[in-house]
Amino acid sequence: MPSLSVARRGGGTTTLAEDRVDALRSGLRGDLLLADHPDYDAARAIWNAMIDRRPAVIARCTGAADVIHCVTWARETGILVAVRGAGHNIAGNAMCDGGLVIDLSRLRQVSVDPRRKIARVGPGATLGDFDHETQAFGLATPVGINSTTGIAGLTLGGGFGWLSRKHGLTVDNLRSARVVTAAGELVTASEKENADLFWGLRGGGGNFGIVTEFEFKLHKFGPEITSGLIVHPFADAEKVLRHYRAYTAEVTEEVTAWVVLRKAPPLPFLPPAVYGTEVVVLAAFSTAGPRKAKKLLAPLREFGTPIADVVGPHPYAGWQQAFDPLLTPGVRNYWKSHNFTELSDAAIKTLLEYTGRLPSPHSEIFLAHLGGAVNEQPADATAYPHRDVEFIMNVHTRWEDRAQDAACVAWAREFFDRTAPFATGGVYVNFVSEGEHRERAAYGRHWDRLAKLKRKYDPENLFSLNQNVVPA
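This one's a predicted model, so the numbers in the text were calculated from it and none came from an experiment.

A. Quick peek at the overall build of the protein. Counting secondary structure elements, the protein contains 14 helices and 21 strands. For 472 residues, the compact-globule estimate of 2.2 N^0.38 gives 23 Å, and the protein sits close to it at 22 Å. Counting only C-alpha atoms and orienting by the principal axes, one finds that the protein spans roughly 70 × 55 × 40 Å. Out of the 472 residues belonging to the protein, those deemed buried represent 60%.

Spelled out as structure tokens, the structure:
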């Protein structure tokens, strides 16, 4: 193999002699993929089809030893580094051009101790992997809502989903993590060991090291739960959202209700005449038992004249996959996001105005319902700083044709600007698209503390492909 041109960390390029690449290969138990490898193109493909990057080298790790070897080699060569878990991040930070990708996607193990109610999880695991193993024992912890999401990226950014109002963020349920630092050392981070690092991992993204194992606290929950969709015609959208606002202001933490504004997909419980028209979807979920859940959800279900109501008993693992068909991989994605403490009348009107101008059949506006246990944690308990947020808006702008790029991105940015006056100014770090530079909005009041922590654990900014915190 001839010498290899690679991207340097911090900019520019350099050339690596054949023996340097051989040194990386010889220390790996996993596979090393260069551009001529038959698996190279498949290995560089990630969830967001907008991202088309060509790393110089992809190292498929099989365990912590491979990760340590890759980090040490990268530090010594000065090469640009990306870290891939499940490859689901909207910004595409799992891939880089010309650098080294430390690929953890094969580390998908999930080990459950049902007696102690804990799970140990590999960084390549998806939420589907996690739910499959934990639900076998009727156990769960708060994670996201799309089963193909990676547990690593979700957790390091904070993590929230259907169980969060009852049991907090994903990071609120993290007991410990095994981490390879920029110095190539494997350490444990917990409340008792390296507590400062543990604090930073819980919401500070991938800035401080590569997690090779997560340990989560589990809760008795499932396998059957009460959940489902209530679909309203768009003509009733304003009064539905006003009722939703009043309902969520009073409901207990045993209920979570999200809003999806989009064109109706061809779901079997919808009449064909509705397909392709704008609708208001309420996604309802309860952690209570069947009888109490029915009572708690009644005010939401009995309002107005819905097109369809399919709320009822469902397997929890199945409900966790309910939105998978709307969030499939291989489509072009550009997201914009805001945090809200309330939904004002003006905000609702703006949401509906832009729902009437959706740029593609795949695009949608999500309103995630938070509060509850999420906001009961002190603001400084973890690096995730947004403990006053009641709703998170995530605009899933999704399309297939590259020719639509400019129009779809412009719609999302205009909508974002129009809704900014109603928002807090903060943003959930996992919803920041490529090139957004909203790091300070994501980390908020914790920026200075994170920058000092970065100086301690990664002073040379080896882990820079993320929503990056520059070392103080």
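Still more ground to cover, so stick around.
B. Broad picture of the sheet that holds strand β12 (residues 210–217). In spatial order, the strands read β7-β8-β12-β10-β11; together these five strands make up an open sheet with antiparallel pairing. Edge positions in the open sheet fall to β7 (110–113) and β11 (186–190), since each of these has one partner strand only. Adjacent strand axes in the sheet meet at a mean angle of 15° when their direction is disregarded. Here strand β10 (residues 174–180) pairs with β11 via five bridges, running antiparallel. If you follow V180 over to β11, its bridge partner there is L186.

C. Spatial organisation of the packing of aromatic side chains. Scanning the model with the defined rule gives 24 aromatic pairs in all. Arranged with centres 5.6 Å apart and planes meeting at 80°, the rings of W335 and F431 form a pair that is edge-to-face. One end of the pair, W335, is in strand β19 (residues 332–340); the other, F431, is in the loop between α12 (405–419) and α13 (439–443), and 96 residues separate them in sequence. Accessibility assignment for this pair places W335 and F431 in one class, buried. Above the ring of Y354, the side-chain terminus of R357 is found at 4.4 Å from the ring centroid. The positively charged end of R449 is found above the aromatic ring belonging to W199, 3.6 Å away from the centroid.

D. Seen up close, empty space enclosed by the protein. Applying the stated criterion across every chain yields a total of one cavity of 30 Å³ or more. Quantified by volume, the largest cavity comes out at close to 910 Å³. Only β5 (81–84), α5 (151–157), β12, β20 (364–369) and β21 (391–399) provide two or more residues apiece to the lining of the largest cavity. It is α5 that provides the largest number of residues to the lining of the largest cavity, a total of five residues. Its residues placed into classes, the lining of the largest cavity shows 29 nonpolar, 20 polar and one charged.

E. Geometry of the layout of surface pockets. Taken as a whole, the largest pocket holds about 490 Å³ of empty space. Around the largest pocket, the lining is made up of 27 residues, and of these P265, L267, A322, P325 and L326 lie nearest the centre. Within the residue set of the lining of the largest pocket, elements represented by two or more residues are β14 (224–233), β15 (255–263) and β16 (278–286). For the lining of the largest pocket, a count of residues per class yields 19 nonpolar, five polar and three charged. The space that makes up the second largest pocket amounts to roughly 290 Å³. Taken together, 17 residues line the second largest pocket, and the ones lying closest to its centre are N93, G435, H437, L465 and N466.

F. Seen up close, helix α4 (residues 127–135). All of the buried residues along α4 are L127, D129, F130, D131, T134 and Q135. Contact partners of the buried residues in α4: β7, β8 (118–121), β9 (139–140), α5, β12 and α10 (316–319).

G. Here's a closer look at the pairing of β12. Counting buried residues in β12 gives six out of eight residues, a clear majority hidden from the surface. Two strands pair when backbone bridges link them, and β8 and β12 are joined in this way by four bridges, in the antiparallel orientation. Looking at β12, one finds that I118 is bridged to K217. Pairing of β10 with β12 involves six bridges; the strand directions are antiparallel. Of the residues in β12, the one forming a bridge with L174 is F216.

H. Highlighting the nonpolar core. Counting 78 residues, the largest nonpolar core has F130, I151, F160, L201, F323 and I392 as its most contacted members. Per-element tally for this core: the top contributor is helix α14 (residues 447–457), with five residues. In this structure, L201 is in contact with T155, L156, A177, V179, A189, F208 and V211, ignoring residues within four places of it in sequence. Listed in part, the 40 residues of the second largest apolar core include V255, A293, L296 and W411.

I. Molecular detail of helix α9 (residues 290–301). Considered for burial, the residues of α9 that qualify are A293, L296, L297, A298 and L300. Close packing links the buried residues of α9 with β14, α8 (237–250), β15 and β16.

J. Here's a closer look at the sheet that holds strand β3 (residues 31–33). The strand order across the open sheet formed by four strands is β3-β4-β6-β5, and the pairing between neighbours is mixed. Of all the strands in the sheet, the pair left with one neighbour each is β3 and β5. Neighbour-to-neighbour, the strand axes of the sheet open up by a mean angle of 20°, direction not taken into account. Taken together, the four bridges between β5 and strand β6 (residues 100–103) define a ladder with parallel strand orientation. Bridging across to β6, V83 finds its partner in I102.

Cut-offs and rules
Residues numbered from 1 in each chain as written. Predicted model: local features only at pLDDT ≥ 70, side-chain atom pairs only at ≥ 80, totals over all residues. Heavy atoms only, no water. Helix = DSSP H or I, 4+ residues; strand = E, 2+ residues; numbered from the N terminus. Rg over C-alpha atoms; globule rule 2.2 N^0.38 Å. Buried < 20%, exposed > 50% of the residue type's maximum accessible area, 1.4 Å probe, protein only. Pairing = 2+ DSSP bridges. Axes fitted to C-alpha atoms, helices over the stretch in contact; angles between N-to-C directions. Phe/Tyr/Trp six-rings, centres within 6.5 Å; stacked < 30°, edge-to-face > 60°. Lys NZ or Arg CZ within 6 Å of the ring centre and 35° of its normal. 1 Å grid on protein atoms, 1.4 Å probe; cavity = no way out; pocket = protein on both sides within 12 Å on 5 of 7 lines; lining within 4 Å. Points joined across faces, edges and corners; volume = space filled by probe spheres on them. Nonpolar A, V, L, I, M, F, W, Y, C, P; charged D, E, K, R; others polar. Contact = heavy atoms within 4.5 Å. Core = buried A, V, L, I, M, F, W, Y, C linked by side-chain atoms within 4.5 Å.

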